[in-house]
Amino acid sequence: MTHEAAGVPTTRNDEDRQDDVPQDSDDVQQNGAEPDAPEPAGPEDAEPRPEARLARAVQVAEQALIEFEIAVETFRVEVENFSRLHHQKLGPMYARLDELDALIAEARAAKTGDPEDERKAREARAVVMPMPGVDELFHDWMDTDGLSPEAAAMLTEQPVRPPKRVRPSEEARRLYRELARKAHPDLAQDEVERQRRDEFIARVNAAYGRGDVELLKELVAEWEAGPVQPPAPLSESEELYARLEWLSRRKELLTVLAKELEDGAIGSMLRMAPDDPDQLLEDIAEQLLGEVSRREAELAEMTR
């Protein structure tokens, strides 16, 4: 017979121990303390909505595009200013070089009588001559100061002459009457419709004044098609995606413009000396003066 020592707990098997464990023992830690209750998730712990992430992407893209536009516009202004200075300072030298080239080519053709030399002389002289047909093209459109007759009249407080009219054909008159009957503003039922008709009739009157039958036919088809229906409203995501697509297209256009500016003659010169473009002009002017002197000497030698 075994005797258990006083104060020492009796030994029990595993089955006895399992019987004494409470049913919710899984929630009790090994040290016997109750586990901490999980804290409720705060707003900062929540996953951001897809629309919020997309809106953030749009915001970043907009800011990047703005900076790109500023850079392109800054360079465009620099190119424009440099081009103006280049023309003012160097234009007369280029014109003198073209004139000397024509004189040299003509002197050579006069000496040799070669048809090829004569052809080259004509081409060199054509560079100096004004473009034919320019006066006819701009006749009655602007004056020597670059003002249209209408602008000049307004600046001198003279009455503006109406544009020249043509006699519309019978077909034009028929189409005009048809459109005027259908789209007359007095037939409008509300102010929005009246404004639409006013704008449309203004276009009809302009086409009829020019006797433009084809445009009147297009206006007939446009009126019969009815007003353009407004597009269905977009969802938040669709609007954001559409904005991103527009930003992407705008960036592509700006990239093309920047490339054209950089690859142009003036842009290329400006990039050669971005910190001191004035000195670049001085250097080019010095080179051109040397070319003028050489051509004048060549012409003098040929005309002795």
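These lines cover the structure that appears in this document, whether it is placed above or below. Keep in mind the model is a prediction, meaning the values are calculated, not measured. (Residues numbered from 1 in each chain as written. Predicted model: local features only at pLDDT ≥ 70, side-chain atom pairs only at ≥ 80, totals over all residues. Heavy atoms only, no water.)

Digging into the nonpolar core
- Counting residues in hydrophobic clusters, the biggest one holds 30 residues, and the most contacted among them are Val 79, Phe 82, Leu 90, Met 269, Leu 280, Ile 284 and Leu 288.
- Those elements that provide at least two residues to this core are α2 (50-112), α9 (236-263), α10 (265-272) and α11 (277-302).
- The element best represented in this core is α2, accounting for 13 residues.
- Among residues more than four places away in sequence, those in contact with Leu 90 are Leu 85, Leu 281, Ile 284, Ala 285 and Leu 288. (Core = buried A, V, L, I, M, F, W, Y, C linked by side-chain atoms within 4.5 Å. Buried < 20%, exposed > 50% of the residue type's maximum accessible area, 1.4 Å probe, protein only. Helix = DSSP H or I, 4+ residues; strand = E, 2+ residues; numbered from the N terminus. Contact = heavy atoms within 4.5 Å.)

A look at helix α6 (residues 170-183)
- For α6, with 14 residues, the first-to-last C-alpha span of 20 Å sits near the 20 Å given by 1.5 Å per residue.
- All of the buried residues along α6 are Ala 172, Leu 175, Leu 179 and Ala 183. With its buried residues spanning 70° around the axis, α6 presents them on a single face.
- In this structure, the buried residues of α6 make contact with α7 (191-210) and α8 (213-225). (Expected span 1.5 Å × (residues − 1). Arc of directions from axis to C-beta.)

Quick notes on the packing of aromatic side chains
- Using the criterion set out here, one finds two aromatic pairs in the structure.
- Ring centres of Tyr 176 and Tyr 208 lie 4.3 Å apart, and the angle between their planes is 15°; this geometry places the pair in the stacked category. Residue Tyr 176 is located in helix α6, and its partner Tyr 208 is located in helix α7; the two are separated by 32 residues in the primary sequence. (Phe/Tyr/Trp six-rings, centres within 6.5 Å; stacked < 30°, edge-to-face > 60°.)

Quick look at the pattern of salt bridges
- For the structure shown, the criterion picks out 27 salt bridges.
- Taking the shortest distance from any N to any O, the salt bridge between Arg 76 and Glu 80 comes out at 2.9 Å. Of this pair, Arg 76 and Glu 80 both sit in helix α2, four residues apart, roughly one helical turn.
- The class of Arg 76 is partly exposed, set by a relative accessible area of 27%.
- Among the ionic pairs, Glu 222 bridges to Arg 203, the shortest N-O distance being 2.9 Å. You can see Glu 222 sitting in helix α8 and its partner Arg 203 sitting in helix α7, a full 19 residues away along the chain.
- Judged by relative accessible area, which is 35%, Glu 222 ranks as partly exposed.
- Under the relative-accessibility criterion, Arg 203 is labelled partly exposed at 42%.
- One connected set of salt bridges, linked through shared partners, spans Glu 171, Arg 174, Glu 178, Lys 182 and Glu 224. (Salt bridge = Lys/Arg side-chain N within 4 Å of Asp/Glu carboxyl O.)

Interpretation note: all reported values are geometric properties and have no functional meaning in isolation.
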